[in-house]
Amino acid sequence: MFRRILIGLVGVLIVGVGAFAMLSWRSAIAPVARPSPAGFAPDLVARGEVLAGAGYCATCHTAQGGKPYAGGYPMRTAFGTIYSTNITPDPETGIGSWSEAAFQRAMQQGVARDGSHLFPAFPYDHFTKLTDADVAALYAYFITRPAVRATPPANTLPFPLNIRALQAGWKLLFFRDGPLTPDPIKGAEWNRGAYLAEGISHCGACHTPRNSLGAEERGKPYAGAAIDNWIAPPLTKANPSPVPWSRDELYAYLRSGVSQHHGTAVGPMSPVVHDGLRKLPDEDIRALAIYLADVAGSDARLAEIKPAIERALAADRAGAGAQTDPAARLYNAACASCHYNGGDAVNALRPELALNSAVTLSDPTNLIRVILYGVTAPEGAPGVVMPGFAAGFSDADIARIAGYLRSTRTSGPAWPDLDKAVATIRAQGNHE
Ligand code: HEC
Ligand code: HEC
Ligand code: HEC
């Protein structure tokens with residue numbers, strides 16, 4: 001009897017493993033000789049270049065100090081480090097032997113030319129939404145780049161997470177392939193913005209929270225998430241900025257990196273704007289703004305803008321006189337010489353802290369990072385610098401300034417354990 005059960009169990013296991021092997025198996029696509037660059041129309045290559053920018057391929061596929069697109073950039077996940085691959089057309093170490101069909105399968109299904117499954121650190125769950133025509137343009141761009149011979153370091157994922165076949169299970173649970181279906185109720189610009197945001201520019205890869213298996217939570221698009229020691233704020237109605245993210249503010253922010261009432265794109269958001277979206281034409285940035293203003297529900301909140309600005313400027317003025325409070329004195333000495341706004345308008349180059357998500361988020365990380373490490377001119381607006389205070393100020397000083405801004409500039413609850421938060425972020429360092 002016992003033996004029969006055992007044999008039965010072994011049988012179920014074998015069938016299960018067999019079924020999984022069938023499910024996970026993908027054929028290799030035969031290697032090709034590297035296609036001649038002369039065979040690709042220049043305007044197709046040019047379109048691919050714009051898309052490569054909007055998809056931040058260079059940010060992830062270039063190691064620090066390495067050749068463009070030659071891979072080896074480390075992505076530290078909760079499970080281990082995954083290194084990006086060489087996507088230059090070197091036949092042995094890059095994608096020079098990949099046909100367009102192999103490249104398209106990688107982008108839209110997350111399967112490499114040899115049939116192995118790719119890890120979702122590569123955002124193919126977004127690139128699957130690209131049209132075949134856009135993937136063809138990307139292929140034309142990459143296959144015509146200079147070939148670089150370079151092999152990335154080996155990943156440090158522990159067994160069994162390093163088994164690529166297991167990714168088939170992840171895909172079964174979390175991956176839905178195929179292009180984005182346009183919403184016929186919405187206009188052409190909204191749909192264009194959705195296509196860019198959901199697909200090539202994968203805004204949700206940072207702004208949507210992930211589950212314990214590293215997949216974006218389907219019910220919480222753009223609800224905000226921690227990423228690379230920063231907080232990517234919610235882009236929904238839950239965004240805590242007192243001034244709603246209107247189409248105009250989103251346009252200014254995504255086009256130039258600076259918006260008058262929300263401040264500057266810093267940390268991981270800075271390369272998104274300055275290296276990524278830079279090549280997109282103005283009408284695409286406008287389309288992104290229209291889509292994201294809808295995600296944020298801002299069009300219905302425009303009447304809130306003026307009173308929010310008035311409240312912020314009033315809080316600013318009230319703070320200027322309070323010299324008896326040591327925290328206020330510290331703030332006025334260290335920050336107020338730059339962060340003041342006279343009259344009834346906000347100067348875009350002196351971000352109004354009462355309107356900034358760094359101060360209004362429920363998590364103080366972004367504020368502490370900016371105070372410790374500052375904002376350089378290339379990272380933020382050209383020609384202005386926000387100095388870092390890591391060398392001059394103790395953890396307690398920085399915690400005091402952060403706590404002061406929180407209590408005088410927002411109605412949110414006090415941040416707990418600020419000293420500890422500053423020490424942790426100081427220990428993480430300023431890596432970008
Ligand atoms: C967020 C980081 C990130 C971005 C952005 C990114 N990639 Fe990748 N990509 C990776 C990682 C990591 C891998 C390796 C995955 C693995 O080893 O399973 C990869 C793998 C690939 C592969 C498979 C190559 C191979 O040798 O197996 C291709 C093709 C590719 N990326 C193309 C692109 C293109 C084109 C873009 C821009 C449109 C892009 N990637 C943007 C991280 C990224
Ligand atoms: C690599 C991760 C990453 C990607 C990709 C990304 N963001 Fe961000 N984003 C961040 C982080 C981190 C912040 C917070 C830093 C800051 O405020 O400048 C941020 C801030 C923002 C803000 C300001 C929110 C606020 O209230 O201060 C907006 C708006 C925004 N992102 C929109 C977008 C859009 C639109 C896209 C896609 C085109 C995008 N982001 C893609 C990481 C990312
Ligand atoms: C020398 C002038 C100067 C001083 C002093 C200064 N800042 Fe700034 N700060 C700036 C500028 C300029 C920016 C905008 C950065 C950019 O656009 O490049 C900025 C940006 C910021 C931001 C917004 C970042 C974002 O995501 O929008 C915060 C928060 C901030 N500063 C806080 C502070 C605090 C707190 C202090 C005092 C400890 C301080 N600053 C001192 C000039 C200054």
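Just so it is clear, the model here is predicted, and its values are computed rather than measured.

A.B. asks: Where do I start with the overall build of the protein in this structure?
C.D. replies: Tallying secondary structure elements over the protein gives 18 helices and 6 strands in all. Taking 22 Å as the expected radius of gyration for a compact globule of 432 residues, we find that the protein reaches 25 Å, a close match to that expectation. The principal-axis extents of the C-alpha atoms in the protein amount to approximately 80 × 65 × 45 Å. Of all 432 residues assigned to the protein, the portion counted as buried reaches 48%. Sequence separation of 24 or more characterises 66% of the internal contacts of the protein that already satisfy a separation of 6 or more.

A.B. asks: Mind showing me how you'd approach the site of ligand 2 here?
C.D. replies: What surrounds ligand 2 is a group of 25 residues, the closest being Cys203, Cys206, His207, Met269 and Ser357. Note that an oxygen atom of ligand 2 is positioned 2.8 Å from one of the side-chain N or O atoms of asparagine 239. At 3.4 Å, a side-chain N or O of tyrosine 253 approaches an oxygen atom of ligand 2. Contributions of two or more residues to the shell around ligand 2 are made by α9 (204–207), β4 (230–232), α10 (247–256) and α11 (269–276). Residues of the shell around ligand 2, tallied by class, amount to 18 nonpolar, 7 polar and no charged.

A.B. asks: Please explain the environment of aspartate 344 as it appears in this structure.
C.D. replies: Residue position: aspartate 344 is located in the loop between α14 (326–334) and α15 (357–360). Along the backbone, aspartate 344 and leucine 157 are 187 residues apart, and their C-alpha atoms lie at a distance of 54 Å. The residues touching aspartate 344, leaving out its near neighbours within four places in the chain, are Ile309 and Leu313.

A.B. asks: Before we go on, may I ask you to explain the environment of serine 407 in this structure?
C.D. replies: Its location among the elements puts serine 407 in helix α17 (residues 395–409). Accessibility expressed as a relative area gives 54% for serine 407, which makes it exposed. A polar contact is formed between the side chain of serine 407 and the backbone oxygen of tyrosine 404, at a distance of 3.2 Å.

A.B. asks: For this particular structure, what's the right way to read the coordination of the iron atom of ligand 2?
C.D. replies: Under ideal tetrahedral coordination, the four donors around a metal are separated by 109.5 degrees; under ideal octahedral coordination, the six donors are separated by 90 or 180 degrees. Each protein donor to the iron atom of ligand 2 is listed here as His207 (NE2) and Met269 (SD); together their distances run 2.1 to 2.3 Å. Angles of 89 to 179° at the metal separate the 6 donor atoms of the iron atom of ligand 2, which places the site in the octahedral class. One end of the pair, histidine 207, is in helix α9; the other, methionine 269, is in helix α11, and 62 residues separate them in sequence. Grouping residues by exposure puts histidine 207 and methionine 269 together as buried.

A.B. asks: Could you clarify how one ought to interpret the nonpolar core in this entry?
C.D. replies: Considering soluble globular proteins, one finds that nonpolar side chains tend to be buried as a cluster. Counting 53 residues, the largest nonpolar core has Leu138 and Phe142 as its most contacted members. Contributions of two or more residues to this core are made by α2 (42–54), α4 (100–109), α6 (132–143), α8 (188–200), α10, α11 and α12 (282–295). It is α6 that provides the largest number of residues to this core, a total of 8 residues. Looking at which domains feed residues into this core, each of domain 1 (25–156 + 163–172) and domain 2 (188–302) gives three or more. Residues contacting leucine 138, with those up to four places away along its chain left out, are Gly48, Leu51, Ala52, Phe103, Met107, Leu130 and Ile200. Residues Leu367, Val375, Tyr404 and Leu418 belong to the second largest nonpolar core, which totals 32 residues.

A.B. asks: Teacher, can you tell me more about the packing of α14 against α17 here?
C.D. replies: Two measures define how a pair of helices packs: the angle their axes make with one another and the distance between the axes. Relative to each other, α14 and α17 sit at 100°, their axes nearing to 9 Å. One element, α14, and the other, α17, form an angle in the roughly perpendicular class. Mapping the contact onto sequence places Ala327, Ala328, Leu330, Tyr331 and Ala334 in α14 and Asp397, Arg400, Ile401, Tyr404, Leu405 and Arg409 in α17. Of the residues that constitute the contact of α14 with α17, the class distribution is 8 nonpolar, no polar and 3 charged.

A.B. asks: I keep staring at the pairing of strand β1 (residues 74–77) and nothing clicks. Help me out?
C.D. replies: Residues in a regular strand project their side chains so that they alternate between the two faces of the sheet. Relative to strand β2 (residues 80–83), β1 runs antiparallel, the two sharing 4 bridges. Note on β2: the bridge partner recorded for threonine 77 is glycine 80. The hairpin formed by β1 and β2 contains 2 residues between the paired strands.

A.B. asks: What's the story with the layout of surface pockets in this structure? I'm lost.
C.D. replies: Taken as a whole, the second largest pocket holds about 520 Å³ of empty space. Within the residue set of the lining of the second largest pocket, elements represented by two or more residues are α5 (124–127), α7 (167–174) and α12. For the lining of the second largest pocket, the residue count by class is 8 nonpolar, 4 polar and 7 charged.

A.B. asks: Honestly, the packing of aromatic side chains in this entry has me stumped. Any pointers?
C.D. replies: The way to describe two aromatic rings as a pair is by their centre distance and the angle between their planes. Summed over all chains, the structure comprises 13 aromatic pairs. Where tyrosine 124 meets phenylalanine 175, the ring centres are 5.0 Å apart and the plane angle is 75°; that geometry is what we call edge-to-face. A residue pair is termed long-range when its members are at least 10 positions apart, and tyrosine 124 in helix α5 and phenylalanine 175 in the loop between α7 and α8 qualify at 51 residues. Judged by its relative accessible area of 0%, tyrosine 124 falls in the buried class. Here tryptophan 170 and phenylalanine 174 contribute two aromatic rings whose centre-to-centre distance is 5.4 Å and whose plane-to-plane angle is 65°, an arrangement assigned as edge-to-face. Of this pair, tryptophan 170 and phenylalanine 174 both sit in helix α7, 4 residues apart, roughly one helical turn. By way of ring pairs, the aromatic residues Phe122, Tyr124, Phe127 and Phe175 are connected into one cluster.

The rules behind these values
Residues numbered from 1 in each chain as written. Chains lettered and ligands numbered in written order. Predicted model: local features only at pLDDT ≥ 70, side-chain atom pairs only at ≥ 80, totals over all residues. Heavy atoms only, no water. Helix = DSSP H or I, 4+ residues; strand = E, 2+ residues; numbered from the N terminus. Rg over C-alpha atoms; globule rule 2.2 N^0.38 Å. Buried < 20%, exposed > 50% of the residue type's maximum accessible area, 1.4 Å probe, protein only. Contact = heavy atoms within 4.5 Å. Near = heavy atom within 4 Å. Polar contact = N/O pair within 3.5 Å; in protein donor to acceptor, adjacent residues only side chain to side chain. Nonpolar A, V, L, I, M, F, W, Y, C, P; charged D, E, K, R; others polar. Donors = N, O, S within 2.8 Å, 3.2 Å for Na, K, Ca; no water. Tetrahedral: all angles 85-135°; square planar, octahedral: opposite > 155°, others 65-115°. Core = buried A, V, L, I, M, F, W, Y, C linked by side-chain atoms within 4.5 Å. Domains from an automatic or database assignment. Axes fitted to C-alpha atoms, helices over the stretch in contact; angles between N-to-C directions. Parallel < 35°, antiparallel > 145°, perpendicular 65-115°, else oblique. Pairing = 2+ DSSP bridges. 1 Å grid on protein atoms, 1.4 Å probe; cavity = no way out; pocket = protein on both sides within 12 Å on 5 of 7 lines; lining within 4 Å. Points joined across faces, edges and corners; volume = space filled by probe spheres on them. Phe/Tyr/Trp six-rings, centres within 6.5 Å; stacked < 30°, edge-to-face > 60°.

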